[in-house]
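Tertiary structure, described
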Amino acid sequence: NKIMASVSADIAKPIDITIRRNDSFYLKVVVTNDDGTVYDLLKDDNSTPFDCQLIVYSSDNNPILGFSNAAETATYFVDSSITVTPSTAAIVIDAAASNITIKKGSYKYKLVVTGTTEVNTLMIGKIKVIDI
């Protein structure tokens, strides 16, 4: 399943997602400013993309699964599973089925981008994991 969304960087947009356990996961998000222009996803050096993380939380607010465009130290992260393309403000999460092993149920998530000094939560919501 491929999921695509367009979000504004000015406010976290609640979007609920349904994924299937043991299936691959693909999500493409295009980030714009309120006026429709491309959101600048470059750090102050104008060559390094923002850090990007999508983190899934259990009911007791502990992170249980994460996707990132960097190498993370926490074991729940799927490192380098996010690609950030600043010229189009596209954030693509692409993870293999072997990474989607959390139990079926409903979880909270957030998608956060971090620049040189700013941190923006772009999306929040629930991820429903089904197992059929």
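Let me sum up the structure you'll find in this document. (Residues numbered from 1 in each chain as written. Predicted model: local features only at pLDDT ≥ 70, side-chain atom pairs only at ≥ 80, totals over all residues. Heavy atoms only, no water.)

What follows deals with the pattern of salt bridges. Summed over all chains, the structure comprises three salt bridges. The shortest N-O distance in the salt bridge between Arg21 and Asp131 comes to 3.9 Å. Here Asp131 lies in the segment after strand S11 (119–130) and Arg21 lies in the loop between strand S3 (17–20) and strand S4 (25–32), a separation of 110 residues in the sequence. For Arg21, a relative accessible area of 25% gives the class partly exposed. Asp51 is paired through a salt bridge with Lys43; the nearest N and O atoms lie 3.2 Å apart. (Salt bridge = Lys/Arg side-chain N within 4 Å of Asp/Glu carboxyl O. Helix = DSSP H or I, 4+ residues; strand = E, 2+ residues; numbered from the N terminus. Buried < 20%, exposed > 50% of the residue type's maximum accessible area, 1.4 Å probe, protein only.)

Here we come to the pairing of S3. Of the two faces of S3, the one lined by Ile17 and Ile19 is fully buried and the one lined by Thr18 and Arg20 carries no buried residue. Two elements, S3 and S11, share four bridges in a ladder whose sense is parallel. Across the sheet, the residue bridging to Thr18 is Lys128, located in S11. (Pairing = 2+ DSSP bridges.)

We now examine unusual backbone geometry. Of note in the backbone geometry, Asn22 takes a positive phi value of approximately 65 degrees without being a glycine. Along the polypeptide, Asn22 turns up in the loop between S3 and S4. The class of Asn22 is partly exposed, set by a relative accessible area of 40%. Even without glycine at this site, Ser80 takes up a positive phi of about 55 degrees.

Keep in mind these numbers describe shape, not what the thing actually does.
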